[in-house]
Amino acid sequence: MKQNNIILIGMPGSGKTTIGTELSEVIGYGYIDSDSVIVAREGKRLSEIIAEVGREGFLDIEGKVNSELTASRCVIATGGSVIYRDNAMQKLKEMGTVVYLKLPYEIIARRLGDLKKRGVALKEGFTLQDLYDERTPLYEKYADVVVELCGASIAESVQQVVKALKK
């Protein structure tokens with residue numbers, strides 16, 4: 001049975017954390033940032049974990065953490081690479097409504113700085129465009145709701161999500 005959480009997925013820089021914290025305030029839900037849970041459990045920044053265990057090792061850790069989350073009436077902002085582990089995504093889908101915050105590539109590229117410092121699980125030789133092209137179909141596959149954002153204000157983006165969830 002599907003629970004009452006809202007799970008945000010999307011590219012790094014799509015606003016999962018920023019929109020998630022605001023959305024939780026607006027609808028009166030708790031807030032969980034799964035990347036913060038990973039950092040707390042591992043005692044290291046995401047970039048340090050990736051440097052230490054590699055991309056696949058990090059994806060395994062991320063998948064394990066997300067598949068072990070328990071929550072009720074929470075907005076959960078996930079890491080952008082959570083979609084690479086089906087077990088984690090199936091658990092998150094059981095926990096609530098999965099919302100894909102979709103932004104055009106140009107906006108993502110403008111928002112992101114150094115991908116390695118940011119802790120992005122990037123395949124060797126991949127560009128941001130490659131990452132965007134690879135992940136977009138996965139986000140769409142797992143999403144219950146797709147919210148197409150275009151770089152509007154945080155408040156406007158939150159209202160777009162609220163409106164999409166009511167449909």
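So, a few notes on the structure that sits alongside this text. (Residues numbered from 1 in each chain as written. Predicted model: local features only at pLDDT ≥ 70, side-chain atom pairs only at ≥ 80, totals over all residues. Heavy atoms only, no water.)

**Description of the nonpolar core**
I9, F58, I76, M89, V99, L101 and V147 are the most contacted members of the largest nonpolar core, which totals 51 residues. Of the residues forming this core, the biggest block, 7 residues, is contributed by helix α3 (residues 46-68). With residues near it in sequence (within four places) discarded, I76 still touches N5, I6, I7, L8, I32, L69, A71 and M95. (Core = buried A, V, L, I, M, F, W, Y, C linked by side-chain atoms within 4.5 Å. Buried < 20%, exposed > 50% of the residue type's maximum accessible area, 1.4 Å probe, protein only. Helix = DSSP H or I, 4+ residues; strand = E, 2+ residues; numbered from the N terminus. Contact = heavy atoms within 4.5 Å.)

**Remarks on the packing of aromatic side chains**
The tally for this structure, following the rule as stated, stands at 2 aromatic pairs. Sitting over the face of the ring of Y84, R55 holds its NZ or CZ atom 4.8 Å from the ring centroid. (Phe/Tyr/Trp six-rings, centres within 6.5 Å; stacked < 30°, edge-to-face > 60°. Lys NZ or Arg CZ within 6 Å of the ring centre and 35° of its normal.)

**Here we look at the sheet that holds strand β4 (residues 96-102)**
Judged by pairing direction, the sheet is parallel, and its 5 strands sit side by side in the order β2-β3-β1-β4-β5 without closing on themselves. The two strands at the open ends of the sheet, each matched to only one other strand, are β2 (30-33) and β5 (145-148). Adjacent strand axes in the sheet meet at a mean angle of 20°, parallel and antiparallel pairs treated alike. In this sheet, β5 lies alongside β4 in parallel orientation, the contact comprising 4 bridges. (Pairing = 2+ DSSP bridges. Axes fitted to C-alpha atoms, helices over the stretch in contact; angles between N-to-C directions.)

**Comments concerning the packing of helix α1 (residues 16-27) against helix α8 (residues 154-166)**
Between α1 and α8, whose axes approach to 9 Å, the crossing angle comes to 65°. Every pair of crossing elements has a handedness; the one defined by α1 and α8 is right-handed. Together, T18, I19, E22, L23, V26 and I27 of α1 and I154, S157, V158, Q159, V161 and V162 of α8 make up the contact between the two elements. (Left-handed = near helix turned anticlockwise from the far one by under 90°.)

**Considerations on the side chain of N5**
Summarising the element assignment, N5 is placed in strand β1 (residues 5-9). Owing to a relative accessible area of 2%, N5 belongs among the buried residues under this scheme. One polar contact links the side chain of N5 to the main-chain amide nitrogen of R73, over a distance of 3.2 Å. In this view, N5 contacts A71, S72, R73, C74, I76, M95, G96 and T97; residues no more than four positions away in its chain are not counted. (Polar contact = N/O pair within 3.5 Å; in protein donor to acceptor, adjacent residues only side chain to side chain.)

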